[in-house]
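Here is how the chains run, residue by residue.
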Amino acid sequence: MISKMKFINIIGPRSEFDRIISDCIMDTAIEFENPMSALRSTEGFSMDMTPNPYEDTIKRFADVFQYSNIDYKNIKHKRGNISSEEIEKYIDHFDARIHALKTKIETINNTIHHYNDIINVLTPVIGTDLHFEELGKLQYLKYRLGKLPVSSYKKLGTYLKDLPTYFYTLTSDKDYVWGLYFVSDNNAENVDRIFATMYFEPLLLDGDEYGTPAQIIEELTAKKQNAQNELTAMKTQLKSTIKTHKEDLLKAYACLKYYYDLYNIRHYATISQSSFCLTGWIDAEEIPMLKRKMEKDAASVLIVDEPESVKHITPPTKLKNWRIFKPFEEFVRMYGVPSYNEIDPTPFLAIVYTLLFGIMFGDVGHGFCLVLAGAIMMLMKKGGFLAKLLLPVGISSMIFGAMYGSFFGFEGEHAIIHPIWYTPFESSSNMMNTLIYSVALGVIIILICMVFNIINGVRQKNWQKVLFSQNGVAGMMFYALVLFCAISMLMGSKNPLIAAVIMIVISLILILLQEPLGKLCSKRKDWMPADKGGFFVEAIFELLEIVLSFATNTISFLRVGAFALNHAGMMSVVVMFMLKLNPGGSVAIAIFGNLLVIGLEGLIVGIQVLRLGFYEMFSRFYDGAGREFKPTGK
């Protein structure tokens, strides 16, 4: 359902702008428009486009919230008694405190990583009796500890043949050789460059490690443990600080956002020498409250207009549906937001989606699993609208599962529960009936979509859409009469169908000539096409495409019955393996098979139902060319 909108003009003295907006407007959901586009004459009016002075502080709050892991996305502006200067001082103090703690944590982390690096360096040579403090006392030689690939080690003799250096091997594995080489001060640069070309990776030490590798590793392990303890204490202090200040921080942000949004409204106001003017859209239900606020302020004036009187600005769309339909609004938004003068397809899509999903995925056990998964995700606040979507489709699956007598795939001769209606996979006649029922349901859905299209056309005063389009009166007449003739022939009726055939031909002619007839109804003088030959050639091909689309759209609903049979067929295979294997294998197959069907087929069915909604339903009546209502500061 789409909320009724009103177009408002708010006029007041320029000197009282902040007070009027703060007292009357700020807590009202209004989507402001550029008043320059609403004024007949803009002479003497201007707009204040100076940058918002609170922009930088808002960004600082966002940065602080981000590195403090505080969720602030749903915080609305709120008038408070804190000045903007006090808010800035507060965020400066909090930011400095958190930054200091973060810096200490980062320093400790770097220290721990450094200890780990040294331990990893020395672990391969832990069994050697190398004493690094003795190496550090060398006066005329430098040493480099590290590793190089085995392939490079094999070529070491060739590269070092004429160089004043010596490589001492410590240990090795299949990929690397660990060791150290000695070189004089004068030749160090040249030798280091050659070892680098051989992919030698130096393992750097601080220079203050003493003892053998085993002794150094033992000492550093103890230091690392102390650093870990200090890190844990610092993280606890950080969490405690954030937790202590979180509420105050969010309150300060809400107050700052109030100042920020209040200043932003200036950008939507036209200003003359002595007055200001604001224009915008508001939900009609909020008009009485806004009027009461404005009536208390003698300096301001409120003018309310109907959307139809505003010719040059398109009203926004505010969706207003029952809570159970809310998750399906996301699907509607994927296709496009409905125009203001268009039917909101959300309730219809919700009902049809839930119904078709249950038909295609009918199983009491599987439906219960979907409901359980959705409930858990909602409790954990995960999954967004998809979590809420699982509840209605899961319940629908359980209802149709009870009608089919299916419980975790056990149906027919292996049924655990007795079917209320019938079991689709039990016999060939049941299978055929399932397909026939799905096509019949598709026919009903297509006819309902045509009715919606006619209603939309009436709202939009588009008589071509109402009377002559393939989804209007002419298209509905053609589709209904063709179905009537087809059913009559299948039932062996001997009554002449001449009248129906004549009406079918008339409806096709109306569809063929829909464009000029629509223009004629709108009293346009250019209703007759200039290039009549080209028009008729193009119109005939479009008519053929329209006739084929009726057939393909109807046949497309076969997939509803096909997936119902497919679901039963897949589970019959799982049940067959369960009955033939030993108890352990049966349990494994039951768990794996049911999870596979619920996950894989549930996803496929969900996509297929959405496809039917978009292509077979929405394409017949829904444009989705509107824009969503987005009130300023909300």
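Residues numbered from 1 in each chain as written. Predicted model: local features only at pLDDT ≥ 70, side-chain atom pairs only at ≥ 80, totals over all residues. Heavy atoms only, no water.

A. Broad picture of the overall build of the chain. Helices and strands together make up the secondary structure of the chain, namely 21 helices and ten strands. Here the chain has a C-alpha radius of gyration of 38 Å; the compact-globule value for 634 residues is 26 Å, and the former is much larger. For the chain, buried positions account for 45% of its 634 residues. With 62 positive and 64 negative side-chain charges, the chain shows a separation of 6 Å between the mean positions of the two kinds. (Helix = DSSP H or I, 4+ residues; strand = E, 2+ residues; numbered from the N terminus. Rg over C-alpha atoms; globule rule 2.2 N^0.38 Å. Buried < 20%, exposed > 50% of the residue type's maximum accessible area, 1.4 Å probe, protein only. Lys, Arg positive; Asp, Glu negative; His and termini not counted. Charge placed at Lys NZ, Arg CZ, Asp CG, Glu CD.)

B. Focus on unusual backbone geometry. Located in the positive-phi region is Asn69, a residue other than glycine, with phi close to 55°. Its location among the elements puts Asn69 in the loop between helix H2 (55-68) and helix H3 (84-122). Unusually for a residue other than glycine, Tyr199 sits at a positive phi of about 65°. In this structure, Tyr199 sits in the loop between helix H7 (188-197) and strand E7 (201-202). For Tyr199, a relative accessible area of 59% puts it in the exposed group.

C. Fine view of the packing of aromatic side chains. Counting across every chain of the model gives 40 aromatic pairs. Here Tyr54 and Tyr259 contribute two aromatic rings whose centre-to-centre distance is 5.9 Å and whose plane-to-plane angle is 25°, an arrangement assigned as stacked. Placement of the pair is Tyr54 in the loop between strand E3 (46-47) and H2 and Tyr259 in helix H8 (residues 213-264), with a sequence separation of 205 residues. The exposure class of Tyr54 is buried, given its relative accessible area of 19%. When the ring centre of Tyr176 is taken as reference, the NZ or CZ atom of Lys147 above it lies at 4.3 Å. (Phe/Tyr/Trp six-rings, centres within 6.5 Å; stacked < 30°, edge-to-face > 60°. Lys NZ or Arg CZ within 6 Å of the ring centre and 35° of its normal.)

D. Broad picture of helix H17 (residues 498-512). The end-to-end C-alpha distance of H17, which contains 15 residues, comes to 21 Å, matching closely the 21 Å that a straight helix rising 1.5 Å per residue would cover. Residues of H17 that are buried sit in contact with helix H15 (463-468), helix H16 (473-490), helix H18 (514-521) and helix H19 (532-556). (Expected span 1.5 Å × (residues − 1). Contact = heavy atoms within 4.5 Å.)

E. Just a negative patch on the surface, in detail. A cluster of acidic residues, Asp56, Glu85, Glu86 and Glu88, forms a negative patch on the protein surface. Counting residues per element, the negative patch draws most heavily on H3, at three residues. Within the secondary structure layout, Glu85 lies in helix H3. On the accessibility criterion, Glu85 (52% relative accessible area) is exposed. (Patch = residues over 30% accessible without salt bridge, like charges linked within 9 Å, V, L, I, M, F, W, Y side chains within 5 Å. Areas by Shrake-Rupley, 256 points an atom, 1.4 Å probe, with all protein chains shown as cover. Salt bridge = Lys/Arg side-chain N within 4 Å of Asp/Glu carboxyl O.)

F. Structural detail: the pattern of salt bridges. Tallying each qualifying case throughout the model produces 26 salt bridges. The residue Glu306 makes a salt bridge to Lys6 at a minimum N-O spacing of 2.2 Å. In this pair, Glu306 is assigned in the loop between strand E10 (301-305) and helix H10 (329-335) and Lys6 in strand E1 (residues 5-13), connecting sequence segments 300 residues apart. Judged by its relative accessible area of 14%, Lys6 falls in the buried class. The shortest N-O distance in the salt bridge between Glu330 and Arg333 comes to 3.2 Å. Within this pair, Glu330 and its partner Arg333 are both found in helix H10, separated by three residues, close to a single helical turn. A residue is classified by how much of its surface remains accessible, and Glu330, at 31% relative accessible area, is partly exposed. Salt bridges sharing partners connect three or more residues here, namely Glu16, Arg19, Asp23, Arg79 and Asp297.

G. Molecular detail of the pairing of strand E2 (residues 30-33). Neither face of E2 is exposed, since Ile30 and Phe32 on one face and Glu31 and Glu33 on the opposite face are all buried. Sheet analysis places E2 next to strand E9 (residues 275-283), joined by four bridges and oriented antiparallel. In the sheet register, Glu31 faces E9, and the bridge partner there is Trp281. (Pairing = 2+ DSSP bridges.)

H. Spotlight on the side chain of Gln608. Considering the arrangement of structural elements, one finds Gln608 in helix H21 (residues 583-621). Under the relative-accessibility criterion, Gln608 is labelled buried at 19%. Within the local environment of Gln608, its side chain forms a polar contact with the side chain of Arg559, the two groups lying 2.6 Å apart. Ignoring sequence-local partners within four residues, the contact set of Gln608 consists of Met360, Arg559 and Phe563. (Polar contact = N/O pair within 3.5 Å; in protein donor to acceptor, adjacent residues only side chain to side chain.)

I. Quick look at a nonpolar patch on the surface. Together, Phe368, Leu372, Ile376, Leu379 and Met380 make up a nonpolar patch on the protein surface, roughly 550 Å² of accessible area in all. Mapping Leu379 onto the fold places it in helix H12 (residues 364-379). Look at Leu379 and you get exposed, because its relative accessible area is 75%.

J. Representation of the nonpolar core in the model. Judged by nonpolar contacts, the single largest core of 56 residues is most densely connected at Phe348, Tyr353, Leu356, Ile445, Met617 and Phe618. Once residues lying within four places of it in the same chain are set aside, the contact partners of Tyr353 are Phe328, Phe331, Leu389, Val393, Gly606, Val609 and Leu610. (Core = buried A, V, L, I, M, F, W, Y, C linked by side-chain atoms within 4.5 Å.)

K. Layout of the side chain of His245. Of note, His245 is situated in helix H8. The buried category is assigned to His245, whose relative accessible area is 16%. For His245, the contacting residues outside a window of four places in its chain are Tyr90, Phe94 and Arg97.

L. Region of the structure containing the sheet that holds strand E6 (residues 176-184). Within the open sheet, the four strands sit side by side as E5-E6-E4-E7. Their pairing is antiparallel. Edge positions in the sheet fall to strand E5 (165-172) and E7, since each has one partner strand and no second. Bridge count between strand E4 (residues 141-149) and E6: nine bridges; the pairing is antiparallel. Looking at the pairing, Arg144 lines up with Tyr181 of E6. Set on the sheet, H7 makes contact with E4, E5 and E6; between it and E6 the angle comes to about 160°. (Axes fitted to C-alpha atoms, helices over the stretch in contact; angles between N-to-C directions.)

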